[in-house]
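# Structural characterization, general
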Amino acid sequence: MVTTPGLSFPRRTRFARLVHVVECTSTQDMALRDPEPGCAAYWADHQTRGRGRQGRVWYDEPAQDVTVTFRLDGVEPEKPWRLPAAIPIAVLRALERLATLHATLKWPNDVMVAGRKLAGILIDADGNPPRYAIGIGVNVGRTSFPAELLDSATSLALLTGREFAREAVVEELALALDQTVTSLLTGDVADLLATFRARSELIDREVEIEAGNRRETGRVVDVDLDQLTLAEGRRVPLAVVQTIRRRG
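Keep in mind that what you see is a predicted model, and the values were worked out from it rather than measured.

## Details of helix α6 (residues 190-199)
The periodicity of an α-helix, 3.6 residues per turn, causes residues three or four positions apart to be oriented the same way. Three or more residues of α6 are buried, namely Leu192, Thr195, Phe196 and Arg199. Projection of α6 onto a plane perpendicular to its axis shows the buried side chains occupying an angular sector of 100°, all on one side. Residues of α6 that are exposed and point over 90 degrees away from its buried face: Ala190 and Ala198. Of the surrounding elements, those touching the buried residues of α6 are α3 (83-98), β4 (104-106), α5 (166-186) and β9 (214-223).

## Regarding the sheet that holds β4
Strand order in this open sheet of seven strands is β1-β2-β3-β7-β6-β5-β4, and the pairing throughout is mixed. The two strands at the open ends of the sheet, each matched to only one other strand, are β1 (18-24) and β4. In this sheet, neighbouring strand axes are inclined to one another by 20° on average, regardless of whether the strands run parallel or antiparallel. Two elements, strand β2 (residues 40-47) and strand β3 (residues 66-72), share five bridges in a ladder whose sense is antiparallel. Its bridge partner being in β3, alanine 44 is matched across the sheet by threonine 67. Against the sheet, α3 contacts β4, β5 (110-113), β6 (116-126) and β7 (131-138), and its axis sits at roughly 140° relative to β6. α5 contacts β2, β3 and β7 of the sheet and is inclined by roughly 30° relative to β3.

Here is what the cut-offs are and how they apply
- Residues numbered from 1 in each chain as written.
- Predicted model: local features only at pLDDT ≥ 70, side-chain atom pairs only at ≥ 80, totals over all residues.
- Heavy atoms only, no water.
- Buried < 20%, exposed > 50% of the residue type's maximum accessible area, 1.4 Å probe, protein only.
- Helix = DSSP H or I, 4+ residues; strand = E, 2+ residues; numbered from the N terminus.
- Arc of directions from axis to C-beta.
- Contact = heavy atoms within 4.5 Å.
- Pairing = 2+ DSSP bridges.
- Axes fitted to C-alpha atoms, helices over the stretch in contact; angles between N-to-C directions.

Structure (C-alpha cells):
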C-alpha cells in the first residue's frame with residue numbers, strides 16, 4: 001500500500017476510502033473484489049492487465065499516467081443507463097479544470113482533444129443491487145506511445161508542455177465524479193445534458209447503430225442522456241444501444 005498525503009477527496013466526497021498500490025493486475029478487479037463495503041477509490045501506479053471496453057488492452061506508463069477506479073456501492077441511480085453518458089462528462093470537466101484545453105466526447109467512453117484520445121472510461125457492474133466500478137485511465141505525463149497508438153493518442157504533457165502531479169488528477173476526477181453522481185441521483189441533469197450535447201462527436205454524424213435486434217442507420221440530429229434522435233425523428237433509447245459506428 002502506498003501512502004498518499006495531500007488528497008482531500010476522501011473527506012469531501014462519497015469516496016471515503018482510497019486504496020493506492022504500486023502495481024496490480026487491474027483497478028477494476030481491485031474494486032469489485034474488495035470485501036469492505038462502501039464507495040471507495042482504487043489507484044495503481046501501474047496495471048499489468050489494464051483493460052478497456054470489449055476486451056481491449058489499456059496501456060499505461062508506470063508512474064506517469066493515472067489508472068483509477070471509483071466504486072459506487074449502495075448508490076442506485078433511478079436511470080442507470082445514464083451512467084455511461086454522464087461519467088465521461090465528469091472526466092472531461094476534471095481535465096479541463098486542470099489544463100487549458102477543449103475536449104470532446106467520442107461515444108461511448110473516450111475523452112478526445114484534437115482528434116486524439118486523452119482518457120478512457122470503463123464501467124463494470126457486479127451484484128444485485130449492483131456495485132459499479134468506474135475505471136478511468138488518463139494519459140498524464142507520458143510523451144511516447146506504442147506504435148499502434150502514435151496517431152491516435154495524446155497526453156496532458158504533450159498538449160500543454162507542462163508537468164502534472166498525478167495526485168491532482170485523481171483529486172479532480174473524484175470531485176467531478178462525485179458531483180456528477182449527485183446530479184444523476186437528484187435528477188438535476190440540465191447542465192450535464194447541455195455539456196453532452198455541446199461536446200458529443202455524434203451530432204451531425206452518419207452512424208450505424210445496433211440495439212438488441214434492431215439496427216438503424218442515419219444522421220444523428222440530437223443526443224441526450226436517454227436517447228439518440230436520428231433524421232426523420234427516429235429515436236433509439238441508450239439503454240438498449242450495444243454499438244454505434246460512425247460511417248465516413
